[in-house]
Amino acid sequence: MQVQHESDAPEHPTTFRVLVTGANSGLGFAICCRLIDEFLHTRPSTQTLHLLYTTRDARKVADTSKALHAHLSSTLHKLNHRNTRGLVGEDRVIIEGILVDLAKLDTVRALATELVGRGEELDAVIWNAGIAGWKGVDWLKGMWGMLTDLKYATTYPEFMIPDVGLVAAPQVASLRSSKKNVNEQDVPEQPQLGQVFLANVFGHYLLTHFLAPLFSPTSRIVWISSTGALPPYFDVEDLQGLRARAAYESSKRVTDLLALTSELPSTALYVRGLLGKEQGGRDAMALPKMYVTHPGVIATSIAGLNWFMGFWMLVALYAARWLSSPWHPVDPYKGAISAVFCALSPPEQLADLEAREGKGKWGSTTGVYGEERVARTEVPGWGYCGVPGRVPEGSVTTGMWRGRVEGSREGREGFEVEGARVWREIEELRREWEERLGLED
Ligand SMILES: NC(=O)c1ccc[n+]([C@@H]2O[C@H](COP(=O)([O-])OP(=O)(O)OC[C@H]3O[C@@H](n4cnc5c(N)ncnc54)[C@H](OP(=O)(O)O)[C@@H]3O)[C@@H](O)[C@H]2O)c1
């Protein structure tokens, strides 16, 4: 699937506003570029794109702004070269960088306060920023995997060495900013927060809550997951992955559980809490929707390899694609297709489709020659659409993961029970931390 053209051109000028986290590199940067391109190609000339992107420091904001403007100019050049219906101007796209460090909750609050203060609705947010929490590579295991089982080893890289029990730094600045007058030496004891869980899930989760006043029922909350979001890495007794052997995969399984169960009656209470609609009533029924996507496997700096090993990893990823792996877009721009699809596609291509066929995990897939498209991905327990045994058209059915079991009613029920528990616990965690740090409204 690709983003379709919007059929109804609004007569009055409108602005489509989207926020992307972690945009200075890898997938986040590619998502921003692809958003610009697909917006200009599919939306009527009366619409403007306001692209808000986040980085962790001012230098990265400036560098990213420069790179995105260069990309915009190149897209406009190509578009105007072909266009016979009049020139498309730079003013169709507004690019704006802002700061946030998802592991520092005072900055999460500050970003939300700034945006809510402006009062401009957000049409989509793409929660892309993330860390892997790996401390190295088991080279021997990696080489063996590459030589004997290339497609599998590059899709489920069990040779990365996770930093088990990685904990985030205490939220000192957050306490200070809530005027609790705290010195570095005498920070009151805080419960641990898993660093990977905080950066990948919980920071975004809190941001969703703080930004809720800017969402309308048609706004879209797009999460980035992974093909590695598999059940063996996640223990529901350990939401933050503090004891997990792979906190990254654990955090991505949490992401799948949150997004895929977000429209079920069993989670409605918690979803309304997150989106500030606890009161119920007619208005509370119309909530923005969550979508979960993954980019397949792409070459970015997340693995933390040096240039030499990075080069050989790139060769291995292309080789996996040529051996017909559907999950190796390799190029971040191709990997960005699923997130951009979930942000930009018209309702009949996504919300209505999910209402008809069931909620899906939208992945970026490519053919051997790299032609990319969006496809539903099988999620252990949930299946392709939340209905055991049903495989909607266009799904990718590799059955590649060796722990795969056939979808069943029990598996589907188990997924929902686990999802509801994750929702309950993460909501409790949100309330506790908001109160602890004085971050409430
Ligand atoms: N690469 C893959 O094959 C792959 C596969 C599946 C899913 N993904 C997902 O894709 C997303 C992007 O990863 P990537 O591969 O593009 O890696 P990347 O190039 O390392 O990009 C990660 C981005 O997240 C930002 N970030 C990290 N920690 C942050 C924090 N605490 N607060 C704010 N921003 C933070 C980074 O900023 P700094 O530069 O300041 O660190 C960077 O902009 C992640 O969610 C990842 O899990 C990637």
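Above this text you will find the structure in question.
Model, not experiment: these values are computed from the prediction. (Residues numbered from 1 in each chain as written. Predicted model: local features only at pLDDT ≥ 70, side-chain atom pairs only at ≥ 80, totals over all residues. Heavy atoms only, no water.)

## Regarding the overall build of the protein chain
What counts here: Strands here mean DSSP runs of E at least two residues long; helices mean DSSP runs of H or I at least four residues long; both are numbered from the N terminus. Only the C-alpha atoms count toward the radius of gyration. The rule for a globule is 2.2 Å times the residue count to the power 0.38. For every residue, the accessible area obtained with a 1.4 Å probe (protein chains only) is divided by the maximum for its type, and the residue is called buried under 20%, exposed over 50%, and partly exposed between those limits. Only heavy atoms matter for contacts: two residues are in contact if any of them lie within 4.5 Å across the pair. Accessibility throughout is a Shrake-Rupley quantity obtained with a 1.4 Å probe, and a residue counts as covered only by protein chains that appear here. Note on charges: Lys and Arg go in the positive column, Asp and Glu in the negative column, and His and the chain ends are not counted at all. Where a charge lies is defined by one atom per residue type: Lys uses NZ, Arg uses CZ, Asp uses CG and Glu uses CD.
Secondary structure assignment for the protein chain yields 15 helices and 10 strands. Its C-alpha atoms give the protein chain a radius of gyration of 21 Å, near enough to 22 Å, the size a compact globule of 441 residues would have. With respect to the principal axes defined by its C-alpha atoms, the protein chain has extents near 65 × 55 × 45 Å. Going through the 441 residues of the protein chain one by one, you find that 54% of them count as buried. Residue pairs at least 24 apart in sequence account for 77% of intrachain contacts in the protein chain once pairs closer than 6 positions are excluded. On the protein chain, roughly 19800 Å² of surface is accessible, and the fraction owed to carbon and sulfur atoms is 54%. With 46 positive and 53 negative side-chain charges, the protein chain shows a separation of 2 Å between the mean positions of the two kinds.

## Focus on the environment of Ala-320
Turning to its location among the elements, Ala-320 is positioned in helix H11 (residues 307-322). Sequence separation between Ala-320 and Val-379 is 59 residues; the distance between their C-alpha atoms is 21 Å. Those residues in contact with Ala-320 that sit more than four places away from it in its chain are Leu-150, Lys-151, Thr-154, Ser-325 and His-328.

## Examining the pairing of strand E7 (residues 215-224)
This is how it is decided: Pairs of strands are assigned from DSSP output, requiring at least two bridges between the strands.
The buried fraction of E7 amounts to 8 of the 10 residues, a majority that puts the element mostly inside the structure. Summarising the sheet, E7 and strand E8 (residues 289-294) pair through 5 bridges and their orientation is parallel. Looking at E8, one finds that Ile-224 is bridged to Thr-293.

## Considerations on the packing of aromatic side chains
Given two aromatic rings, their pairing is described by the distance between the two centres and the angle made by the two planes. Keep this limit in mind: Stacked, edge-to-face and tilted are the three classes for Phe, Tyr and Trp ring pairs, Trp counted by its six-membered ring, which pair at centre distances within 6.5 Å; planes under 30 degrees apart are stacked, over 60 edge-to-face, the rest tilted. In this scheme, the term charge over a ring applies when either NZ of a lysine or CZ of an arginine sits within 6 Å of the ring centre and within 35 degrees of the ring normal.
Following the criterion strictly, the structure yields 11 aromatic pairs and no others. Each ring, one from Tyr-152 and one from Tyr-156, has its centre 4.9 Å from the other, and the planes form 55°; the classification is tilted. Among the aromatic residues, those joined into a ring-pair cluster are Phe-197, Phe-202, Tyr-205 and Trp-423. Note that Arg-402 overlies the ring of Tyr-152, its terminal NZ or CZ placed 3.8 Å from the centroid.

## Brief notes about the site of the ligand
What counts, and what does not: Here a residue counts as near a molecule or strand whenever at least one of its heavy atoms sits within 4 Å of it. Definition of a polar contact: a pair of N or O atoms within 3.5 Å, with one able to donate and the other able to accept a hydrogen when the atoms are protein atoms, and with sequence-neighbouring residues admitted only if both atoms are side-chain atoms. Residues were grouped as follows: Ala, Val, Leu, Ile, Met, Phe, Trp, Tyr, Cys and Pro as nonpolar; Asp, Glu, Lys and Arg as charged; and all remaining residues, including Gly, as polar.
Within the structure, the ligand sits among 28 residues, and Asn-24, Leu-27, Lys-60, Tyr-248 and Thr-300 are positioned closest to it. A distance of 3.2 Å separates an oxygen atom of the ligand from a polar backbone atom of Gly-22. Interatomic distance of 3.3 Å between a side-chain N/O atom of Ser-301 and an oxygen atom of the ligand. Relative to its free-state accessible area of 900 Å², the ligand is covered by the protein chains to the extent of 91%. For the shell around the ligand, the secondary-structure elements that each account for two or more residues are helix H1 (26-42) and helix H8 (247-260). For the shell around the ligand, the per-class residue count stands at 13 nonpolar, 11 polar and 4 charged.

## Things to note about the packing of helix H7 (residues 195-211) against H8
Each pair of packed helices can be summarised by the angle the axes make with each other and by the distance between the axes. Short version of the rule: Axis lines are fitted through C-alpha atoms, for helices just across the contact stretch, and the angle between N-to-C directions can take any value from 0 to 180 degrees. For classification purposes, angles smaller than 35 degrees are called roughly parallel, those larger than 145 roughly antiparallel, those between 65 and 115 roughly perpendicular, and all remaining angles oblique.
Where H7 meets H8, the axes come as close as 8 Å, and the angle between the chain directions of the two elements is 25°. What the angle tells us is that H7 and H8 run roughly parallel. Residues Val-196, Phe-197, Asn-200, Val-201 and Tyr-205 of H7 pack against Ala-247, Tyr-248, Ser-251, Lys-252, Val-254, Thr-255 and Leu-258 of H8. Across the contact of H7 with H8, the residue classes tally to 8 nonpolar, 3 polar and 1 charged.

Honestly, that's just the spatial picture; any functional story needs more than this.
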